[in-house]
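A structural walkthrough
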Amino acid sequence: MKLLSAIVPCYNEEETVADFYTEFIKNEDYFKTHDIAFEILYINDGSKDRTVEEIKKLHEKDERVHLVSFSRNFGKEAAMLAGFQHAKGDYVVTMDVDLQDPPSMLPEMFSYLEQGYDSVATRRVTRKGEPVIRSFFARLFYKLMNRISNTEIVDGARDYRLMTRQVVDSILSMPEYNRFTKGIYGWVGFETKWIEFENVERLKGETKWNFWKLFLYSIEGITAFSTAPLAIASVLGVLFCFLAFLFIIVIVVRTLLFGDPTSGWPSMMCIVALISGVQLFCLGIVGQYMSKTYLEVKKRPIYLVKETL
Ligand code: UDP
Ligand code: MG
């Protein structure tokens, strides 16, 4: 008998917790015939509604339902890490509670593990029901990311992934504070089978991500898995030094030949503004990496647990 652990992060999800359970349980026949026992690990990420009570109700009904509850909201990345650390399964699957990661796909995903794959990942091929601007920037992010990072990060990839114990242990061996799980999955490698599905809209409730949060998250991803921006900063610096050098020669020669009438203030101001802008931009890039290093060095815990069941 093998054990499957399902990791389910929840943040203000009182409406969907029970529906998820019902939907997940529909795989029970498949699990029985394939000798798989399961546990559902709900990670309550500091919800302010009745999420915990809903999970406790399920736990009373079914002892295979477990709860890890955070002391406050630490974010989905922290919730997934807590899941990996608490999961006892030989197989682990991470999925959203809002049924955007359909549990009905699990049998198909298991069939690939049987074929010898180490993990089965999902990506959605459509972004139906998502704001156009958000899709546009998401696509742009993945293009850019794959250009500047050696780690493969697939467009449309979801956090819905089934993996073996070996992969989970590899993920756990990465203790970094700034966690970008999509990058971590790519970084650890292993044989991964990608399966595609049409985007499913959230069952109830609302998305927890607005544009600004996603933007910050994308910077997190870039700084965690690429140092290309630092190189860009250096290249810009060299380029502007070279330009300045040319300007100096031109100005000296011109002054010697034609004298120096006091003209050219507007152009001077433009150049000063441009160059100081570029300088601040590059300083900002360096600052991003420095702040990440600062957080990394402090070695704060990634989450704090209030209670477990
Ligand atoms: N989530 C979480 N902590 C957060 C935000 C979200 O644990 O701070 C969970 C949420 O409950 C859900 C999953 O992460 O199970 C995905 O969130 P959501 O559906 O809001 O994101 P979307 O699917 O719109 O990208
Ligand atoms: Mg969702």
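Overview of the structure. Residue indices follow the written sequence of each chain, beginning from 1 at its first position. Chains carry letters from A onward and ligands carry numbers from 1 onward, assigned in written order. Local features in a predicted model are, by the rule used here, given only for residues with pLDDT of at least 70; side-chain atom pairs are given and counted only at 80 or more, and totals for whole chains, interfaces and linings are based on all residues. Each side-chain value is derived from all of the structure's non-hydrogen atoms; neither hydrogens nor water enter the calculation.

1. Things to note about the site of ligand 1
- Put simply, a residue is near a molecule or strand once any heavy atom of it comes within 4 Å of that molecule or strand. For ligand 1, the set of nearby residues contains 17 residues, the closest of which are Glu13, Asp45, Asp98, Gln100 and Thr207.
- For this analysis, a polar contact is any N or O atom pair within 3.5 Å, provided that within protein one partner can donate a hydrogen and the other can accept it, and provided that sequence-adjacent residues contribute only side-chain to side-chain pairs. Take Pro9: an N or O atom from its main chain is 2.8 Å from an oxygen atom of ligand 1.
- For the shell around ligand 1, the per-class residue count stands at 5 nonpolar, 4 polar and 8 charged. Only Asp, Glu, Lys and Arg are considered charged, only Ala, Val, Leu, Ile, Met, Phe, Trp, Tyr, Cys and Pro nonpolar, and every remaining residue, Gly among them, polar.

2. Comments concerning helix H1 (residues 17-25)
- Burial classes: relative accessible area under 20% of the type maximum marks a residue as buried, over 50% as exposed, and values in between as partly exposed (1.4 Å probe, protein chains only). Only DSSP runs of H or I covering at least 4 residues are called helices, and only runs of E covering at least 2 are called strands; the numbering of each starts at the N terminus. Considered for burial, the residues of H1 that qualify are Val17, Phe20, Tyr21, Phe24 and Ile25. Viewed along the axis of H1, the buried residues span an arc of 125°, placing them on a single side of the element. Read the arc as the range of directions from the helix axis to the C-beta atoms.

3. Re the coordination of the magnesium ion (ligand 2)
- Atoms of type N, O and S within 2.8 Å of a metal are treated as its donors, and for Na, K and Ca the window is 3.2 Å; water is not considered, so some sites may appear to be missing partners. At this site the magnesium ion (ligand 2) is bound by Asp98 (OD) and Gln100 (OE1), with donor distances of 1.9 Å. The pair formed by Asp98 and Gln100 is uniform in burial state, with each residue classed as buried.

4. Concerning unusual backbone geometry
- Unlike most non-glycine residues, Asn12 shows phi in positive territory, near 50°.
- Tracing the backbone through its elements, the reader meets Asn12 in the loop between strand E1 (2-10) and H1.
- Residue Asn12 is classed as partly exposed on the basis of its relative accessible area, which comes to 28%.
- At Asp35, a residue that is not glycine, the phi angle is positive and equals roughly 60°.
- When you line up the elements, Asp35 lands in the loop between helix H2 (28-33) and strand E2 (36-44).
- When its relative accessible area of 46% is taken as the criterion, Asp35 is described as partly exposed.

5. Comments concerning the pattern of salt bridges
- Definition used for salt bridges: Asp or Glu carboxyl oxygen within 4 Å of a side-chain nitrogen of Lys or Arg. The tally for this structure, following the rule as stated, stands at 13 salt bridges.
- One salt bridge connects Asp62 with Arg64, and the closest N-O pair in it is separated by 3.0 Å.
- Of the charged contacts in the structure, one is a salt bridge between Asp169 and Arg165, with a shortest N-O distance of 3.2 Å. Of this pair, Asp169 and Arg165 both sit in helix H7 (residues 165-172), 4 residues apart, roughly one helical turn.

6. Considerations on the sheet that holds strand E5 (residues 119-124)
- The sheet built from 8 strands is open, its strands ordered E7-E5-E6-E4-E1-E2-E3-E8 with mixed pairing. The open sheet has two edge strands, strand E7 (192-197) and strand E8 (305-308), and neither has a second partner. For this sheet the average axis-to-axis angle between neighbouring strands, irrespective of direction, equals 20°.
- Only strands that DSSP links by at least two bridges are regarded as paired with each other. Here 4 bridges tie strand E4 (residues 91-94) to strand E6 (residues 157-164), and the two strands are oriented antiparallel to one another. Its bridge partner being in E6, Val92 is matched across the sheet by Met163.
- Residue contacts follow a heavy-atom distance rule, with two residues in contact if any of their heavy atoms lie within 4.5 Å. Here an axis means a line fitted to C-alpha atoms, over the contact stretch when the element is a helix, while the angle between two N-to-C directions is reported on a 0 to 180 degree scale. Where H1 meets the sheet, it contacts E1, E2 and strand E3 (65-70), and its direction lies at approximately 165° from that of E2.
- Against the sheet, helix H5 (residues 106-114) makes contact with E1, E2, E4, E5, E6 and E7, and its axis sits at roughly 50° relative to E6, the strand it touches most.

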